[in-house]
Amino acid sequence: MRGAGREGRSLPRLLELDIQKFFDSLDHRLVVKAVKANTDQKWVLLYVKRWLKAPLQLPDGTVQDRDRGTPQGSAVSPVLANLVLHYAFDMFLAREFPTVAFERYADDAVVHCVTERQARQVRAALAERLEGLGLQLHPDKTKIVYCKDDKRRGDHTHTSFTFLGYAFQPRGAIDNAEKPFLGFSPAVSADALAKMSAEVRRWRLHLHTGHDLAGLAAWLNPIVAGWMNYYGRFYRSRLYPLLQRINTYLMRWAGKKYKRLRGYRRFHRWWFGIVERDPELFAHWRWVRTFAGLR
(Lines give C-alpha, C1' and ligand atoms only; values in the text may rest on other atoms or scores of the structure.)
Protein backbone atom coordinates (compact mmCIF):
# COMPACT_ATOMS: atom_id res chain seq x y z
CA MET A 1 0.00 0.00 0.00
CA ARG A 2 1.24 3.46 -0.85
CA GLY A 3 0.32 6.66 0.97
CA ALA A 4 1.29 10.32 1.08
CA GLY A 5 0.24 13.67 2.51
CA ARG A 6 -1.33 14.48 5.86
CA GLU A 7 -2.19 11.93 8.46
CA GLY A 8 -4.51 12.12 11.44
CA ARG A 9 -8.15 13.12 11.58
CA SER A 10 -10.64 11.75 9.05
CA LEU A 11 -11.53 14.20 6.32
CA PRO A 12 -15.13 14.83 5.23
CA ARG A 13 -14.73 14.14 1.50
CA LEU A 14 -13.10 11.12 -0.02
CA LEU A 15 -12.46 10.33 -3.68
CA GLU A 16 -12.84 6.62 -4.40
CA LEU A 17 -10.96 5.72 -7.58
CA ASP A 18 -11.15 2.81 -9.97
CA ILE A 19 -9.11 2.60 -13.18
CA GLN A 20 -11.20 0.95 -15.90
CA LYS A 21 -9.71 -2.31 -17.27
CA PHE A 22 -6.37 -1.32 -15.77
CA PHE A 23 -4.44 -4.56 -16.28
CA ASP A 24 -5.82 -4.92 -19.80
CA SER A 25 -4.98 -1.34 -20.81
CA LEU A 26 -1.40 -0.86 -19.61
CA ASP A 27 0.81 0.51 -22.37
CA HIS A 28 3.88 -1.73 -22.71
CA ARG A 29 6.10 1.29 -23.31
CA LEU A 30 5.10 2.71 -19.93
CA VAL A 31 5.90 -0.56 -18.21
CA VAL A 32 9.33 -0.82 -19.82
CA LYS A 33 10.06 2.85 -19.03
CA ALA A 34 9.15 2.30 -15.36
CA VAL A 35 11.34 -0.80 -15.15
CA LYS A 36 14.25 1.04 -16.78
CA ALA A 37 14.01 3.73 -14.09
CA ASN A 38 14.59 1.12 -11.41
CA THR A 39 17.26 -1.22 -12.84
CA ASP A 40 20.26 -1.17 -15.15
CA GLN A 41 20.22 -4.96 -15.59
CA LYS A 42 19.69 -5.66 -19.28
CA TRP A 43 18.49 -9.21 -18.64
CA VAL A 44 15.65 -7.89 -16.48
CA LEU A 45 14.44 -5.61 -19.29
CA LEU A 46 14.80 -8.42 -21.80
CA TYR A 47 12.63 -10.79 -19.78
CA VAL A 48 10.02 -8.10 -19.06
CA LYS A 49 9.73 -7.25 -22.77
CA ARG A 50 9.44 -10.92 -23.74
CA TRP A 51 6.89 -11.57 -21.05
CA LEU A 52 4.76 -8.58 -22.07
CA LYS A 53 4.72 -9.62 -25.73
CA ALA A 54 4.07 -13.32 -25.11
CA PRO A 55 0.83 -14.36 -26.93
CA LEU A 56 -2.24 -14.97 -24.81
CA GLN A 57 -4.08 -18.28 -25.18
CA LEU A 58 -7.84 -17.86 -24.85
CA PRO A 59 -10.15 -20.46 -23.24
CA ASP A 60 -11.21 -21.71 -26.67
CA GLY A 61 -7.59 -22.48 -27.55
CA THR A 62 -6.99 -19.61 -29.97
CA VAL A 63 -3.85 -17.53 -29.54
CA GLN A 64 -4.01 -13.74 -29.41
CA ASP A 65 -1.07 -11.37 -29.85
CA ARG A 66 -0.73 -8.66 -27.24
CA ASP A 67 0.42 -5.08 -27.73
CA ARG A 68 -0.76 -3.79 -24.34
CA GLY A 69 -1.90 -5.06 -20.94
CA THR A 70 -0.59 -7.56 -18.38
CA PRO A 71 -2.51 -10.75 -17.53
CA GLN A 72 -4.40 -10.58 -14.24
CA GLY A 73 -3.50 -13.35 -11.83
CA SER A 74 0.15 -13.41 -12.84
CA ALA A 75 2.72 -12.99 -10.07
CA VAL A 76 4.58 -10.34 -12.11
CA SER A 77 1.59 -8.17 -13.09
CA PRO A 78 1.05 -6.47 -9.71
CA VAL A 79 4.76 -5.59 -9.45
CA LEU A 80 4.86 -4.03 -12.92
CA ALA A 81 1.51 -2.29 -12.35
CA ASN A 82 2.76 -0.77 -9.12
CA LEU A 83 5.86 0.54 -10.85
CA VAL A 84 3.76 2.30 -13.47
CA LEU A 85 1.30 3.75 -10.95
CA HIS A 86 4.12 4.94 -8.70
CA TYR A 87 5.04 7.43 -11.40
CA ALA A 88 1.62 7.91 -12.99
CA PHE A 89 -0.36 8.30 -9.74
CA ASP A 90 1.70 8.57 -6.56
CA MET A 91 4.32 11.04 -7.73
CA PHE A 92 1.76 13.04 -9.70
CA LEU A 93 -0.46 13.54 -6.64
CA ALA A 94 2.50 14.31 -4.38
CA ARG A 95 3.67 16.95 -6.85
CA GLU A 96 0.36 18.53 -7.89
CA PHE A 97 -1.58 18.16 -4.62
CA PRO A 98 1.05 17.96 -1.84
CA THR A 99 -1.46 18.52 0.98
CA VAL A 100 -3.79 15.71 -0.08
CA ALA A 101 -3.45 12.33 1.61
CA PHE A 102 -4.07 9.11 -0.28
CA GLU A 103 -3.77 5.34 -0.02
CA ARG A 104 -3.25 3.03 -2.98
CA TYR A 105 -2.98 -0.72 -3.33
CA ALA A 106 -2.31 -1.74 -6.95
CA ASP A 107 -5.05 -0.04 -9.00
CA ASP A 108 -7.40 0.62 -6.05
CA ALA A 109 -7.00 4.02 -4.40
CA VAL A 110 -8.73 6.49 -2.12
CA VAL A 111 -7.86 10.19 -1.87
CA HIS A 112 -8.79 12.31 1.15
CA CYS A 113 -10.03 15.82 0.42
CA VAL A 114 -11.21 18.69 2.61
CA THR A 115 -14.02 19.93 0.38
CA GLU A 116 -16.11 18.64 -2.51
CA ARG A 117 -14.55 21.30 -4.74
CA GLN A 118 -11.09 19.95 -4.00
CA ALA A 119 -12.29 16.38 -4.63
CA ARG A 120 -13.62 17.42 -8.06
CA GLN A 121 -10.35 19.17 -8.88
CA VAL A 122 -8.32 16.10 -7.97
CA ARG A 123 -10.63 13.82 -9.96
CA ALA A 124 -10.40 16.01 -13.05
CA ALA A 125 -6.62 16.28 -12.81
CA LEU A 126 -6.21 12.51 -12.36
CA ALA A 127 -8.58 11.78 -15.24
CA GLU A 128 -6.54 14.02 -17.53
CA ARG A 129 -3.26 12.56 -16.30
CA LEU A 130 -4.35 8.95 -16.79
CA GLU A 131 -6.00 9.64 -20.13
CA GLY A 132 -2.66 10.89 -21.41
CA LEU A 133 -1.24 7.47 -20.51
CA GLY A 134 -3.99 5.51 -22.23
CA LEU A 135 -5.91 4.82 -19.01
CA GLN A 136 -9.38 5.91 -17.89
CA LEU A 137 -11.17 6.30 -14.58
CA HIS A 138 -14.24 4.08 -14.35
CA PRO A 139 -17.23 6.45 -14.72
CA ASP A 140 -19.46 4.55 -12.28
CA LYS A 141 -16.95 3.26 -9.73
CA THR A 142 -15.09 6.55 -9.33
CA LYS A 143 -17.08 8.71 -6.94
CA ILE A 144 -16.91 11.39 -4.28
CA VAL A 145 -17.94 10.07 -0.87
CA TYR A 146 -19.16 12.17 2.06
CA CYS A 147 -17.86 10.69 5.34
CA LYS A 148 -21.05 11.22 7.28
CA ASP A 149 -21.18 10.97 11.09
CA ASP A 150 -22.63 12.82 14.11
CA LYS A 151 -20.51 15.90 13.38
CA ARG A 152 -21.09 15.90 9.63
CA ARG A 153 -24.74 15.57 8.69
CA GLY A 154 -26.79 16.22 5.60
CA ASP A 155 -28.00 14.35 2.53
CA HIS A 156 -25.44 13.19 -0.01
CA THR A 157 -25.46 10.76 -2.91
CA HIS A 158 -22.56 8.61 -1.65
CA THR A 159 -21.87 8.05 2.05
CA SER A 160 -19.86 4.82 1.93
CA PHE A 161 -16.98 3.24 0.06
CA THR A 162 -15.15 -0.08 -0.06
CA PHE A 163 -11.38 -0.46 0.07
CA LEU A 164 -9.34 -3.67 0.38
CA GLY A 165 -12.29 -5.75 1.51
CA TYR A 166 -13.50 -3.24 4.11
CA ALA A 167 -16.73 -1.25 3.84
CA PHE A 168 -16.40 2.26 5.32
CA GLN A 169 -19.74 3.81 6.21
CA PRO A 170 -21.76 5.48 8.99
CA ARG A 171 -22.19 3.02 11.87
CA GLY A 172 -23.61 3.14 15.34
CA ALA A 173 -21.03 3.01 18.12
CA ILE A 174 -20.60 3.53 21.87
CA ASP A 175 -18.21 6.15 23.26
CA ASN A 176 -16.10 5.91 26.43
CA ALA A 177 -19.02 7.20 28.47
CA GLU A 178 -21.16 4.37 27.03
CA LYS A 179 -23.28 6.81 25.03
CA PRO A 180 -24.37 5.87 21.51
CA PHE A 181 -23.20 7.97 18.60
CA LEU A 182 -22.91 7.75 14.81
CA GLY A 183 -19.39 7.24 13.59
CA PHE A 184 -17.80 6.61 10.20
CA SER A 185 -15.89 3.37 10.47
CA PRO A 186 -14.82 0.19 8.65
CA ALA A 187 -16.05 -3.40 8.84
CA VAL A 188 -15.69 -6.41 6.59
CA SER A 189 -17.58 -5.76 3.35
CA ALA A 190 -20.54 -7.79 2.12
CA ASP A 191 -18.54 -8.90 -0.94
CA ALA A 192 -15.66 -10.13 1.20
CA LEU A 193 -18.09 -12.03 3.44
CA ALA A 194 -19.73 -13.59 0.39
CA LYS A 195 -16.37 -14.77 -0.97
CA MET A 196 -15.39 -16.31 2.38
CA SER A 197 -18.80 -17.99 2.70
CA ALA A 198 -18.43 -19.42 -0.81
CA GLU A 199 -15.03 -20.83 0.10
CA VAL A 200 -16.41 -22.43 3.25
CA ARG A 201 -19.11 -24.11 1.16
CA ARG A 202 -16.52 -25.36 -1.32
CA TRP A 203 -14.66 -27.10 1.50
CA ARG A 204 -17.60 -29.51 1.93
CA LEU A 205 -16.31 -30.24 5.41
CA HIS A 206 -19.00 -32.78 6.22
CA LEU A 207 -17.61 -35.10 3.54
CA HIS A 208 -14.07 -35.23 4.93
CA THR A 209 -14.78 -38.05 7.37
CA GLY A 210 -11.31 -39.50 6.81
CA HIS A 211 -9.88 -36.69 8.91
CA ASP A 212 -9.99 -36.45 12.67
CA LEU A 213 -10.57 -33.14 14.50
CA ALA A 214 -6.84 -32.42 14.75
CA GLY A 215 -6.48 -32.93 10.99
CA LEU A 216 -9.38 -30.61 10.24
CA ALA A 217 -7.94 -27.99 12.58
CA ALA A 218 -4.52 -28.20 10.89
CA TRP A 219 -6.23 -27.61 7.53
CA LEU A 220 -8.65 -24.85 8.54
CA ASN A 221 -6.77 -22.84 11.15
CA PRO A 222 -4.27 -21.04 8.87
CA ILE A 223 -7.09 -19.92 6.57
CA VAL A 224 -9.60 -18.91 9.22
CA ALA A 225 -6.96 -17.26 11.42
CA GLY A 226 -5.93 -15.17 8.40
CA TRP A 227 -9.50 -13.99 7.94
CA MET A 228 -9.83 -13.16 11.60
CA ASN A 229 -6.52 -11.30 11.78
CA TYR A 230 -7.34 -9.20 8.73
CA TYR A 231 -11.10 -8.62 8.88
CA GLY A 232 -11.45 -8.82 12.65
CA ARG A 233 -9.58 -5.62 13.43
CA PHE A 234 -12.81 -3.58 13.25
CA TYR A 235 -16.34 -4.69 14.12
CA ARG A 236 -15.27 -8.29 14.37
CA SER A 237 -18.83 -9.28 15.30
CA ARG A 238 -19.59 -9.06 11.57
CA LEU A 239 -17.55 -12.26 11.21
CA TYR A 240 -19.47 -14.19 13.87
CA PRO A 241 -22.18 -15.64 11.57
CA LEU A 242 -19.50 -16.93 9.22
CA LEU A 243 -17.58 -18.55 12.08
CA GLN A 244 -20.82 -20.07 13.39
CA ARG A 245 -21.41 -21.51 9.93
CA ILE A 246 -18.02 -23.24 10.08
CA ASN A 247 -19.07 -24.79 13.38
CA THR A 248 -22.30 -25.96 11.76
CA TYR A 249 -20.33 -27.73 9.05
CA LEU A 250 -18.16 -29.31 11.74
CA MET A 251 -21.36 -30.49 13.42
CA ARG A 252 -22.46 -32.14 10.17
CA TRP A 253 -19.01 -33.69 9.81
CA ALA A 254 -19.23 -35.21 13.29
CA GLY A 255 -22.72 -36.56 12.60
CA LYS A 256 -21.45 -38.38 9.51
CA LYS A 257 -18.27 -39.66 11.12
CA TYR A 258 -19.77 -40.79 14.44
CA LYS A 259 -23.23 -42.35 14.21
CA ARG A 260 -23.60 -42.21 17.98
CA LEU A 261 -23.69 -38.40 17.80
CA ARG A 262 -26.68 -38.08 15.52
CA GLY A 263 -28.96 -37.37 18.45
CA TYR A 264 -29.04 -33.68 19.33
CA ARG A 265 -28.40 -34.11 23.06
CA ARG A 266 -25.50 -36.47 22.53
CA PHE A 267 -23.95 -34.16 20.02
CA HIS A 268 -24.46 -31.14 22.26
CA ARG A 269 -22.72 -32.93 25.14
CA TRP A 270 -19.86 -34.14 22.91
CA TRP A 271 -19.30 -30.72 21.27
CA PHE A 272 -19.10 -28.67 24.44
CA GLY A 273 -17.02 -31.35 26.11
CA ILE A 274 -14.37 -30.87 23.42
CA VAL A 275 -14.65 -27.10 23.64
CA GLU A 276 -14.05 -27.28 27.39
CA ARG A 277 -11.11 -29.67 27.12
CA ASP A 278 -9.40 -28.02 24.15
CA PRO A 279 -10.80 -24.49 23.67
CA GLU A 280 -8.01 -23.51 21.26
CA LEU A 281 -8.31 -26.52 18.94
CA PHE A 282 -9.85 -24.37 16.19
CA ALA A 283 -8.62 -20.81 15.70
CA HIS A 284 -12.13 -19.35 15.47
CA TRP A 285 -13.13 -20.85 18.83
CA ARG A 286 -11.40 -17.85 20.40
CA TRP A 287 -14.42 -15.84 19.26
CA VAL A 288 -17.26 -18.25 18.47
CA ARG A 289 -17.73 -21.68 19.98
CA THR A 290 -21.41 -22.22 19.19
CA PHE A 291 -22.99 -23.29 15.93
CA ALA A 292 -26.03 -21.93 14.16
CA GLY A 293 -29.13 -22.27 16.29
CA LEU A 294 -27.34 -22.36 19.64
CA ARG A 295 -26.25 -19.71 22.07
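Calculation rules
Residues numbered from 1 in each chain as written. Predicted model: local features only at pLDDT ≥ 70, side-chain atom pairs only at ≥ 80, totals over all residues. Heavy atoms only, no water. Pairing = 2+ DSSP bridges. Helix = DSSP H or I, 4+ residues; strand = E, 2+ residues; numbered from the N terminus. Axes fitted to C-alpha atoms, helices over the stretch in contact; angles between N-to-C directions. Parallel < 35°, antiparallel > 145°, perpendicular 65-115°, else oblique. Contact = heavy atoms within 4.5 Å. Nonpolar A, V, L, I, M, F, W, Y, C, P; charged D, E, K, R; others polar. Phe/Tyr/Trp six-rings, centres within 6.5 Å; stacked < 30°, edge-to-face > 60°. Buried < 20%, exposed > 50% of the residue type's maximum accessible area, 1.4 Å probe, protein only. pLDDT = per-residue confidence, 0-100. Core = buried A, V, L, I, M, F, W, Y, C linked by side-chain atoms within 4.5 Å. Salt bridge = Lys/Arg side-chain N within 4 Å of Asp/Glu carboxyl O.

(A) Quick peek at the pairing of strand β9 (residues 166-174). Of the pairings in the sheet, the one linking strand β8 (residues 161-163) to β9 comprises three bridges and is antiparallel in character. If you follow F163 over to β9, its bridge partner there is Y166. Counted between consecutive antiparallel strands, the loop separating β8 from β9 contains two residues, among which L164 sits at a positive phi close to 55 degrees.

(B) Spotlight on the packing of helix α2 (residues 28-36) against helix α4 (residues 77-96). Their axes nearest at 9 Å, the elements α2 and α4 cross at an angle of 85 degrees. Classified by the angle between their axes, α2 and α4 sit roughly perpendicular to one another. Contact residues: L30, V31, A34 and V35 in α2; L80, L83, V84 and Y87 in α4. The residue makeup of the contact of α2 with α4, split by class, is eight nonpolar, no polar and no charged.

(C) Inspection of the side chain of N221 at higher detail. The residue N221 is located in helix α7 (residues 213-231) in this model. Every residue in contact with N221, bar those within four places of it in the chain, is listed here: G226, L281, F282 and A283.

(D) Representation of the packing of aromatic side chains. A full pass over the atoms with the stated rule returns 17 aromatic pairs. Taking the centre distance of 5.6 Å and the plane angle of 80 degrees together, the rings of F89 and F102 count as edge-to-face. With F89 in helix α4 and F102 in strand β5 (residues 101-105), the pair connects residues that are 13 residues apart, well separated along the chain. F102 matches F89 in its accessibility class, with the two residues each being buried. Joined through ring pairs, the aromatic side chains of W253, Y258, F267, W270, W271, F282 and W285 make up one cluster.

(E) Representation of the confidence of the model for the protein. Looking at the protein as a whole, the pLDDT averages 85, with 91% of positions reaching at least 70. Scored below 50 in pLDDT, residues 4-11 makes 14 contacts in the model with residues more than four places away or belonging to other chains.

(F) Examining the nonpolar core more closely. Membership of the largest hydrophobic core comes to 36 residues, with the highest contact counts inside it found for I246, W270 and F282. Of all the secondary structure elements, the ones that give two or more residues to this core are α6 (190-203), α7, α8 (240-257) and α9 (264-277). With near-sequence residues (within four places) excluded, I246 lies in contact with V200, W203, L205, L220, V224 and H284. Core analysis: the next-biggest nonpolar cluster, separate from the first, contains 34 residues, F22, L85, V100 and L126 among them.

(G) Layout of the pattern of salt bridges. Across all of its chains, the model carries six salt bridges by this definition. Between R13 and E116 there is a salt bridge, and its shortest N-O distance comes to 3.9 Å. Of this pair, R13 sits in strand β2 (residues 13-18) while E116 sits in helix α5 (residues 116-131), and the two are 103 residues apart along the sequence. We classify E116 as partly exposed; its relative accessible area is 31%.

(H) Seen up close, unusual backbone geometry. One non-glycine residue, A106, adopts positive backbone phi at about 55 degrees. Assignment of secondary structure puts A106 in the loop between β5 and β6 (108-113). Here the phi dihedral of L164 falls at roughly 55 degrees; this positive angle occurs in a residue that is not glycine. Looking at the element boundaries, L164 is found in the loop between β8 and β9. By relative accessible area, L164 is classed as partly exposed at 23%.

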